Amino acid sequence: MQRDENTNGRREQYETREHDVLIIGAGGAGLRAAVAATRHGLSVGIVSKSLLGKAHTVMAEGGIAASVGNVDPDDSWRQHFMDTLKSGKFLNNWRMAEIFTKEAPDRVYELEQWGALFNRTPEGKISQRPFGGHTYRRLCHVGDRTGLELIRTMQEKVLATDSEIYMETTVTKLLKKGDRVVGAVGYTRESGKFIHFKAKAVIMATGGWGRIFKVTSNSWEGTGDGVVLGYDAGAELVDMEMMQFHPTGMVWPPGVRGLLVTEGVRGEGGLLRNSEGARYMENYDKEKMELSTRDVVARANYTEVQEGRGSEHGGVFLDITHLGYEGIMKKLPTMYEQFKNLADIDISREPMEVFPTVHYTMGGIKVDPETCATNVPGLYAAGEVAGGLHGANRLGGNSLSDLLVFGRRAGEGASAFVGESVHSADIEADAVRTEIGRVLEPLEKGGEGESPYLMQQELQNAMMEHANLMRDGDSLKEGLGKILALKDRLPNVRVGGSRLFNPGWHTAQDIRYLIQISEIILRTAVQRTERRGAQWRLDYDGPDEELGKLNFIVTKDGQGEIGIERREIPPMPEHLSSLFEEEKAKA
Amino acid sequence: MTEGNGNNPGNVTSRAHSPVPNEDLGKSGKTAKLKIFRGDSEGGQEVEYEIPLVEGMVVLDAVLAIQAEQAGDLAVRWNCKAAHCGSCSAEINGRPKLLCKTRVEEYDGEEIHVHPMRAFPVIKDLVSDVSWNYEVSKAIKPFHSSEQAPFTMYEEDVERLYEPKKCIECFMCQDVCHVLRTHHKHAEFAGPRFFVRNQWLEMHPMDEEDRLGDLKEDNGLGFCNITKCCTEVCPVDIKITDNSIIPLKERVASEFYDPAKWLMRKIRGNGSSRNGN
């Protein structure tokens, strides 16, 4: 349906598309949600900022964690649950972690049922590799391209449904009628044409926001659109101070700084050494060494460089030469190619230079563990954009299974909601028109202004400096001052060119999200005055017992400002808490 | 502290600041010139840009630097910047390349011309409309097995499938294939990418579908005259011609051109026997 609207004194056309369920984001979580919703016979629309199959899921390398026990039969969901909570420093939503660890094996088998191919054990089962913080060999994998296998399998599954896929389309606002989310406004990047999506339920599956930092393993897409769209619509956010720095990103040459070096390298026996040749992990975690959790290894790498034991280009050395060329080509072929092509390094002969890189966001939209419903009726969230499962530090390999377990649950939850819904998704045309006007502003206002690219760089530098993996109160506050100054300058952003595939205009949208999220992270990081997982305050000595019992919940308050509530974590039920007691008794 | 490291935090403020890489490291003092196609479906022309050359710079770095500093609306697709996602396919000096994997230094002494892929309609600048590929993909019969996973499959049963599974859908094989690029057979020909997909589906030990009829008719496998152009451009080194296309051609030949099978079909009607592994 075409409708003419008058915007900025000009007739602005937009299209209206109607679906039962609108899914924003086409990574693993969004695609798995789509499969669930289409099975209920619902009309599903999937909005993807990129082409289908290019979402950040494709970058996951090491594997998908599930306690199928193929190589270590003693593994169980209980052990996976305990590992996940210990790594998350008990800030995790324990019910999410319980559901997650119980359902992950089914989701892996389901992938196999749909054509995914994993490496095999000699018995013909799915092979599993060790990873940091996992008690047993638990990561089902195919070489070092497990994410590609997952997303391609899901993509081909979704292409076989009648879901409608809006590729290269960006959503800029969720629409509400009363309390309920009833759709969204977006535009097609190719043409710059606007779409009003009417929907009975919306699932947010937009991934993380690594792009607020300069050195990150995230692509341009990781700008946190979903978390801000949800926040603006009234959704609660949780654990926003918790950013994961992956211990091993590339450092050299400059163009690849931050590019991910899979934890699979350490899983396959890779050793970390400093410029003095010392295996320094024995000073940080003598027991687990290189296979300690990501927060610990990242801080170790950072500290070695900070204290002057780094490499020429400011990294530490990661050595996998013991596998030899044949072994590397079998287990880590992508890493071999990556270093060979981009850095002229033959990793079968010499070590890699690595340094922590921003990788993942533990925090996000707070959801109900059973249905992935948010506190806003009609709005659901799954995958990296949702918070709660990983607490203060995510275990490697838990992300891919998170996408599938909660992607499915979000699809089921939204479908049940649609089934009970008798409300219309109609809204006043004004809301759409106002939003279109706002989005077009940087392009149409004219005159001299600020470049969104340069503003983004300024923000990334400020976050690198003030909200890195070692934090302190004064520096966080200084960073907050810089971000608030950028917020004031936001209305000055101007871009040239037309609406046709214009990355400058797209970046002008992203910068608003980046600023809002950075402010939230800095404000919550100021309040968590302790050392816990990814939040490491140098001006406090260790973990704070009281702070360990609560999550910071962020909502937009009545004045449009950031409201932070300290919310107590409900006590773990007996059947879960007893697991830790039994372990203690054994030890 | 909770985790073993007994180091004194020392100078608190400085340690909270990331060790910042020296921004001057890698600066060569030289510049690079790129001639980039600027235009849309109506046409366009090359525009020359000059930027400082940084050690190890790939063409995508150069294009993004130009975008940030000189041409804000320069359209280019990219995502992972690590040759894992296949988004940044374009043509450099007439050859399909991943911009993120191609070093500027490779063209030392040569001019660098960057254009969008030409086998598809141009949208703008370096971005072309590749949506046709997703339509082809959608028409392929998906994996199907009536057996319930977990499957028992041995490494030796599946190891040849890892190669086609590596495909990152950059569509550069489609771009270089003359059946598409020169003869525009998009309506009748699926292209190398989708023979690669058909290959693993047909060779998967648990799959029960039969796609040989579709390969012969809808996917136009016969149009390919095995010039190996696709194999040459594949960024993940899939031997598309030898390992995907030729084995599929052999299966189609034995299914449809074997006189005994032809006779069987005449007698039984449309009954097509599955050509197993």
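Everything quoted here is computed from the prediction, not taken from an experiment. (Residues numbered from 1 in each chain as written. Chains lettered and ligands numbered in written order. Predicted model: local features only at pLDDT ≥ 70, side-chain atom pairs only at ≥ 80, totals over all residues. Heavy atoms only, no water.)

Draft legend 1. Quick look at the interface of chain A and chain B. Each partner contributes to the interface: chain A provides 91 residues, whereas chain B provides 79 residues. Where chain A abuts chain B, roughly 6,900 Å² becomes buried across the two surfaces, and 54% of that area is made up of carbon and sulfur atoms. Of all residues in chain A, the largest losses of buried area upon contact with chain B belong to K54(A), Q113(A) and L117(A), amounting jointly to 10% of the total for that side. Where R152(A) meets E169(B), a salt bridge forms, and the shortest distance between an N and an O atom there is 3.7 Å. Our enumeration of links across chain A and chain B arrives at 40 residue pairs in polar contact (both at pLDDT 80 or more). Of all the secondary structure elements, the ones that give two or more residues to the side of chain A that touches chain B are α3 (94-113), α4 (146-159), α7 (294-306), α9 (333-343), α12 (452-466) and α14 (503-527) of chain A. Of the residues forming the side of chain A that touches chain B, the biggest block, seven residues, is contributed by α7(A). Residue composition of the side of chain A that touches chain B, grouped by class: 38 nonpolar, 25 polar and 28 charged. (Contact = heavy atoms within 4.5 Å. Buried area = accessible area lost by both parts, 1.4 Å probe. Salt bridge = Lys/Arg side-chain N within 4 Å of Asp/Glu carboxyl O. Polar contact = N/O pair within 3.5 Å; in protein donor to acceptor, adjacent residues only side chain to side chain. Helix = DSSP H or I, 4+ residues; strand = E, 2+ residues; numbered from the N terminus. Nonpolar A, V, L, I, M, F, W, Y, C, P; charged D, E, K, R; others polar.)

Draft legend 2. Representation of the environment of F194(A). Residues and elements named next belong to chain A. One can find F194 in strand β10 (residues 194-204). The exposure class of F194 is buried, given its relative accessible area of 1%. Put simply, F194 and L400 are 206 residues apart on the chain and 32 Å apart in space, counted from C-alpha to C-alpha. The contact partners of F194, leaving out residues within four places of it in the chain, are E12, Y14, E15, V185, G186, Y187, I436, V439, L440, R499 and W505. (Buried < 20%, exposed > 50% of the residue type's maximum accessible area, 1.4 Å probe, protein only.)

Draft legend 3. Molecular detail of the sheet that holds strand β14 (residues 316-319) of chain A. All names here are of chain A. Read from one edge to the other, the open sheet built from four strands follows the order β12-β15-β14-β13, with strand pairing classed as antiparallel. Single-partner strands in this sheet number two, and they are β12 (243-250) and β13 (271-273). Here the strands of the sheet are splayed against their neighbours by 45 degrees on average, with no regard to which way each runs. In this structure, β14 lies alongside strand β15 (residues 352-361), joined through three bridges in antiparallel fashion. Residue V316 lies in a different strand from β15, and its bridge partner there is V354. (Pairing = 2+ DSSP bridges. Axes fitted to C-alpha atoms, helices over the stretch in contact; angles between N-to-C directions.)

Draft legend 4. Highlighting the state of the cysteines. Residues and elements named next belong to chain B. Evaluated as defined, the whole model comprises zero disulfides over all chains. Looking at C100, it has no disulfide partner, and the nearest cysteine sulfur is the one in C88, 3.7 Å off. Residue C100 is classed as buried on the basis of its relative accessible area, which comes to 3%. No disulfide involves C229; its sulfur sits 7.0 Å from that of C230, the nearest cysteine. (Disulfide = S-S within 2.5 Å.)

Draft legend 5. Quick peek at the domain arrangement of chain A. All names here are of chain A. Split by domain assignment, chain A resolves into domain 1 (14-242 + 362-420), domain 2 (247-356) and domain 3 (445-551). A separation of 28 Å is found between the C-alpha centroids of domain 2 and domain 3. Tallying the contact residues gives six residues for domain 2 and six residues for domain 3. When the buried area of domain 2 at its contact with domain 3 is split by residue, D295, R299 and Y302 rank highest and sum to 86% of it. Summed over the shared surface of domain 2 and domain 3, the result is zero salt bridges. For the pair domain 2 and domain 3, the number of links is one residue pair in polar contact (both at pLDDT 80 or more). Of the residues belonging to the side of domain 2 that touches domain 3, the class tally is three nonpolar, one polar and two charged. (Domains from an automatic or database assignment.)

Draft legend 6. Representation of the confidence of the model for chain B within the structure. Residue and element names in this part refer to chain B. Taken residue by residue, chain B gives an average pLDDT of 89. The fraction at 70 or more is 88%. Counting interchain partners and residues more than four positions distant, the pLDDT-below-50 stretch residues 1-14 has 27 contacts. Below pLDDT 50 for its whole length, residues 271-277 participates in 23 contacts with residues either more than four positions away or in separate chains. (pLDDT = per-residue confidence, 0-100.)

Draft legend 7. Main features of the packing of helix α1 (residues 28-39) of chain A against helix α10 (residues 398-420) of chain A. Residues and elements named next belong to chain A. Between α1 and α10, the least distance of the axes is 7 Å, while the angle of their chain directions is 40 degrees. As judged from the angle between their axes, α1 and α10 are oblique. Remark: the crossing between α1 and α10 carries right-handed chirality. Of α10, the residues touching α1 (which contributes G28, A29, R32, A33, A36 and A37) are L403, L404, G407, R408, G411, E412 and S415. When its residues are assigned to classes, the contact of α1 with α10 shows six nonpolar, four polar and three charged. (Parallel < 35°, antiparallel > 145°, perpendicular 65-115°, else oblique. Left-handed = near helix turned anticlockwise from the far one by under 90°.)

Draft legend 8. View of the sheet that holds strand β16 (residues 364-366) of chain A. All names here are of chain A. Spatially, β18-β16-β11-β21-β22 is the arrangement adopted by the five strands of the open sheet, whose pairing is mixed. The strands lining the two open edges of the sheet, one partner per strand, are β18 (386-387) and β22 (562-568). As paired strands, strand β11 (residues 237-238) and strand β21 (residues 550-556) are joined by two bridges and run antiparallel to one another. By the bridge assignment for β21, L237 is matched with V554. Sheet strands touched by α14: β11, β21 and β22. Its angle to β22, the strand with the most contacts, is close to 45 degrees.

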